[in-house]
Amino acid sequence: MSTEAFEKSGARPRGLWWDAATALVALVGLTDAAYLTVEHMTGRSVRCMIVSGCDEVLQSSYATLAAGIPVAAVGALAYFAVFSLATLAAFGYGGARRLLAPLVAVMFLATLWFFYLQAFRIHAFCAYCLLSAAVTTTLTLLVFARRLTDSEKRLS
Amino acid sequence: MCPSSGARRVRGEARLRALSARAAEPGSLLYFRNLTRTVLSRMSSNPEGAKRYAPFVIIGVVLAVVVVVIALMSRPNNANTPTQQPTQNTLLSSASAPQRTPTAGAPNPHARGGEKAAVTLEEFSDFQCPACGGLDPGLRSISRDYGERVRWVFRNFPLSMHKYAFIAARAAEAAGAQGKFWEMHDLLYDNQKDWVDAPEPRDLFASYAARLGLDVQRFRADLDRQDLADRIKADYERGISLNVRGTPTIFINGRELMPGKLPSEQDIRREIDAALSPAGK
């Protein structure tokens, strides 16, 4: 991100609260995905437990990408990217904000796919994966609601 | 702008120039120290500069925290390793008394190995659990290598989340009624992926029974035998009384191996060796 994108205009960048909220929600997602990554890497969820949790989902072949990379780790990276972009945007880096929408859109599509996998392929739901789905949905709503309000302001 | 703040600014810029004059080779420790000082001094002397660098500082801190937490949490948990329990050179639980008296489980449990072996390995397992399927070849190899010296006792622990775990346990017991429990046990784990996805696994189980040369009609009838289901329930109850919370759970001479974790074949071999060595007896 070049510092040229830095908005020098006002004391407070436009939509600071939107960006701050996006960053905070992304932080929740990052914590969740980091926890799932640790669970995956330590193999704690590899056993089958009486209280069904994430083991069914994390044990499934869908939990790992081709190169043995846990899906949760990719999720953690994505949340970290959203957090970084939203933080930059909150401090006036307008360019970062433009990248948020496509990134969050891809994450939302991935969330829909994971929901489908849990419901129809694995036949088990993982609470932490559902939390992640809720976080991504919230992020999507935040980012696109913000774009809507922005465009309304421009029109008026 | 008041004169004093202007003077402060000039002093701050002079400090920056002095710092950059001392800039060291990129990558060196001095370079990073100078860079940090530059950023911090700019942030303190210039509000706009602070706003410019603050997000990077926040992002950096969050990244560092996440990396450190993941690294710390991913370390193998050595709560039961010899370094922390010098008197006990073992991965076994420190024999804290179970909360309740263990129940006996099914009478005459299915066992491989010597009747009077020095080491008894009691396994609580679920035929549909992938982790049990993953460990099973290791257990078989251990049983082959140690022969009569290790007695491997199988306990059914079908988890309710696995829809075919109970019927698979019934299939193993039904084969056991015709003297081929272990043969069916091996087939169930070897073909776990096939029957787990089958719409109705009973037919597949019957085909395994035929492959083992069992009386298939009797096998099918035995799948619904109440006394065999009761054996499975008795094993499960024993597991609960021993505080078993998941599968596979391995007990070696009555003590749980690596509680809460998935032991590997090597972990089990190490514990058996320790139990077989004169000091372990």
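Residues numbered from 1 in each chain as written. Chains lettered and ligands numbered in written order. Predicted model: local features only at pLDDT ≥ 70, side-chain atom pairs only at ≥ 80, totals over all residues.

**Q** Describe the overall build of chain B, listing the residues and the values that go with them.
**A** Scanning chain B for helices and strands turns up 11 helices and 6 strands. A total of 281 residues make up chain B; the buried ones form 31% of that total. A fraction of 73% describes how many contacts in chain B between residues 6 or more apart in sequence connect residues 24 or more apart. (Helix = DSSP H or I, 4+ residues; strand = E, 2+ residues; numbered from the N terminus. Buried ≥ 20, exposed ≤ 12 C-beta atoms within 10 Å, placed from the backbone. Contact = placed C-beta atoms within 7 Å.)

**Q** Tell me about the environment of Ala117(B), residues and numbers included.
**A** Residue and element names in this part refer to chain B. Note on placement: Ala117 falls in the loop between β1 (110-113) and β2 (119-125). Using a count of 19 C-beta atoms within 10 Å as the deciding quantity, one classes Ala117 as partly exposed. Placed 29 residues apart in sequence, Ala117 and Tyr146 show a C-alpha to C-alpha distance of 9.9 Å.

**Q** Kindly report on the packing of helix α3 (residues 71-90) of chain A against helix α4 (residues 94-122) of chain A, identifying the contributing residues and their values.
**A** A pair of packed helices is captured by two measures, namely the crossing angle of their axes and the spacing between those axes. Residues and elements named next belong to chain A. Between α3 and α4, the least distance of the axes is 9 Å, while the angle of their chain directions is 155°. Comparing the axis directions of α3 and α4 gives the class roughly antiparallel. For the crossing formed where α3 meets α4, the hand is left-handed. Where α3 abuts α4, its residues Ala78, Ala81, Val82, Leu85, Ala86, Leu88 and Ala89 lie against Ala96, Arg97, Leu99, Leu100, Leu103, Val104 and Met107. Class assignment for the residues of the contact of α3 with α4 results in 13 nonpolar, no polar and 1 charged. (Axes fitted to C-alpha atoms, helices over the stretch in contact; angles between N-to-C directions. Parallel < 35°, antiparallel > 145°, perpendicular 65-115°, else oblique. Left-handed = near helix turned anticlockwise from the far one by under 90°. Nonpolar A, V, L, I, M, F, W, Y, C, P; charged D, E, K, R; others polar.)

**Q** Please set out the interface of chain B and chain A residue by residue, giving values where relevant.
**A** Facing the 24 residues of chain B at the interface are 26 residues of chain A. Contributions of two or more residues to the side of chain B that touches chain A are made by α3 (47-74), α4 (130-146) and β4 (246-247) of chain B. Across the side of chain B that touches chain A, the residue classes tally to 16 nonpolar, 3 polar and 5 charged. As judged from the 2 bridges shared by strand β1 (residues 48-49) of chain A and β4(B), these two strands associate in the antiparallel manner. Pairing of Cys48(A) across the sheet is with Thr247(B), part of β4(B). (Pairing = 2+ DSSP bridges.)

**Q** Break down the nonpolar core for me, with residues and values.
**A** Judged by nonpolar contacts, the single largest core of 46 residues is most densely connected at Ala168(B), Ala171(B), Ala172(B), Ala175(B), Leu188(B) and Ile252(B). Broken down by element, the residue count for this core peaks at 9 residues, all from helix α5 (residues 165-177) of chain B. Excluding residues within four positions of it along the chain, Ala175(B) makes contact with Lys180(B), Phe181(B), Glu183(B), Met184(B), Ala209(B), Leu212(B), Leu214(B) and Phe219(B). In terms of nonpolar packing, the next biggest core, distinct from the first, is built from 42 residues, Val57(A), Val71(A), Phe91(A) and Ala96(A) among them. (Core = buried A, V, L, I, M, F, W, Y, C linked by C-beta atoms within 7 Å.)

**Q** For unusual backbone geometry, give the residues involved together with the corresponding values.
**A** Residues and elements named next belong to chain B. Cis rather than trans, the peptide bond between Thr247 and Pro248 has omega equal to -10°. For Pro248, the location among the structural elements is in the loop between β4 and β5 (249-252). The residue Asn108 is not glycine, and still its phi comes out positive at about 45°. Within the secondary structure, Asn108 sits in the loop between α3 and β1. On the basis of neighbour count, Asn108 is assigned to the exposed category, with 7 C-beta atoms found within 10 Å. In this model, Asn253 sits at a positive phi of 45°, which is unusual for a non-glycine residue.

**Q** Describe in detail the packing of α5(B) against helix α10 (residues 226-241) of chain B, supporting the description with residues and values.
**A** Residue and element names in this part refer to chain B. The geometry of α5 relative to α10 is characterised by a closest axis approach of 9 Å and an angle of 115° between their N-to-C directions. The two elements α5 and α10 meet at a crossing, and its hand is right-handed. In this structure, α5 contributes Phe166, Ala169, Arg170, Glu173, Ala174 and Ala177 to the contact, and α10 contributes Leu228, Ala229, Arg231 and Ile232.

**Q** Residue-level account of the sheet that holds strand β3 (residues 150-156) of chain B, with values.
**A** Residues and elements named next belong to chain B. Reading across the sheet, the 5 strands line up as β1-β3-β2-β5-β6 and stay open at both edges, with mixed pairing between neighbours. The two strands at the open ends of the sheet, each matched to only one other strand, are β1 and β6 (255-256). In the sheet, β1 pairs with β3 via 4 bridges, with the strands oriented antiparallel. Bridge pairing in β3 places Ala111 opposite Val153. Taken strand by strand, helix α11 (residues 265-276) contacts β2, β3 and β5, and its axis lies near 10° from that of β5.

Take it as geometry only, folks, not as evidence of what the structure does.
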